[in-house]
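Analysis of the macromolecular model
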Amino acid sequence: MPELPEVETLCRQLKKKICDKRILNTETFDSKLAEIKNMRGKRVVAVKRAGKTIAIDLDDGNSIVIHLRMTGRLLWQKISTMPKYSRWKMAFADGYIFLVDPRRFATVRVVRRKENGADREIFGDFELTELLKLHGGRKTKIKTLMMDQSVVKGIGNIYACEILYRAGIHPERIVATLTAAQWRKIFSQAKNVLKKAIAKRGTSISDWRDLYGRKGENQHQLKVYGQEGKKCAICGGTICRIKLSGRGTYLCPGCQK
Ligand SMILES: [Zn+2]
């Protein structure tokens, strides 16, 4: 499932590719998606990300809002030949953007643009003090809180594991027991891990591909996720895997308390 760095990678590539261009038309190939009409001649003025949502802002005050969900991908092609699993297409003078989505959970909608609709996300303006005020006293486990999209947008399983490892915090640690210094570590490592992943165009462990169909390179930077049985780079201990809220969770028992 694409997380924040993957969606940010797409947004940056889309921005370069389609900003200031006019849409020739859009076409829907899947009855599960709402029909998107009357896009001809609309100009793209911005491409933005909010959490894991992509907003393509148009010059008429509307935005095309795309959520990729499980297996959605956006693919740029110069030719109109439909890739397998295409559900939607947007045509420009110099090429096409296809929504490719084998499991068909992605959504595309047109909405009236609201300004200042900023989402809470650890990578943006979301302040640590605000998060602590709202959630600091909770009895839930830290990894579960980090992956709760109503608390922080954009962090899924892979990055939650990597952030907690680098911060030295056990994923099952109860939120209310974390010290101020530990919170600061989690926050700074979150920014660090996400920024690095964006620079590597995301993590391609299963089906993530960027706008041009290329794999990301962040899978080579993972220290714990998927590394069960391997040596911890910090203490030399063995990385292990536990189940937490039904998700495979990777950690170093020596480094994470
Ligand atoms: Zn270790």
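Every value quoted in this text rests on a predicted model; they were computed, and no experiment measured them. (Residues numbered from 1 in each chain as written. Predicted model: local features only at pLDDT ≥ 70, side-chain atom pairs only at ≥ 80, totals over all residues.)

Brief notes about the packing of helix α4 (residues 157-167) against helix α5 (residues 180-199)
Between two packed helices, both the angle of their axes relative to each other and the distance between the axes serve to describe the pair. Two elements in contact, α4 and α5, have axes separated by 9 Å at closest approach and are oriented at 130°. It follows from the interaxial angle that α4 and α5 lie oblique. In the crossing of α4 with α5, the sense of the turn from one axis to the other is right-handed. The residues of α5 that touch α4, namely those facing Y159, E162, I163, R166 and A167, are K185, I186, Q189, A190, V193, L194 and A197. Looking at the contact of α4 with α5 residue by residue, the class counts come to 8 nonpolar, 1 polar and 3 charged. (Axes fitted to C-alpha atoms, helices over the stretch in contact; angles between N-to-C directions. Helix = DSSP H or I, 4+ residues; strand = E, 2+ residues; numbered from the N terminus. Parallel < 35°, antiparallel > 145°, perpendicular 65-115°, else oblique. Left-handed = near helix turned anticlockwise from the far one by under 90°. Contact = placed C-beta atoms within 7 Å. Nonpolar A, V, L, I, M, F, W, Y, C, P; charged D, E, K, R; others polar.)

Regarding the sheet that holds strand β4 (residues 62-67)
Read from one edge of the open sheet, 4 strands run β2-β3-β4-β8, paired in antiparallel fashion. The sheet is open, and its two edges are formed by β2 (44-50) and β8 (107-112), each paired on a single side. For this sheet, the mean angle separating the axes of adjacent strands, direction not counted, is 20°. In the sheet, strand β3 (residues 53-58) pairs with β4 via 5 bridges, with the strands oriented antiparallel. Across the sheet, T53 pairs through a bridge with H67, a residue of β4. Where helix α1 (residues 4-18) meets the sheet, it contacts β2 and β3, and its direction lies at approximately 175° from that of β2. (Pairing = 2+ DSSP bridges.)

Looking at the domain arrangement of the chain
Partitioning the chain into domains gives domain 1 (4-112) and domain 2 (128-251). Taken over C-alpha atoms, the centre of domain 1 sits 28 Å from the centre of domain 2. At the interface, 16 residues of domain 1 touch 18 residues of domain 2. Of all elements in the fold, only α1 and β5 (73-77) reach the threshold of two or more residues within the side of domain 1 that touches domain 2. Ranked by residue count, the leading element in the side of domain 1 that touches domain 2 is α1, at 9 residues. When grouped by side-chain class, the residues that make up the side of domain 1 that touches domain 2 number 7 nonpolar, 4 polar and 5 charged. (Domains from an automatic or database assignment.)

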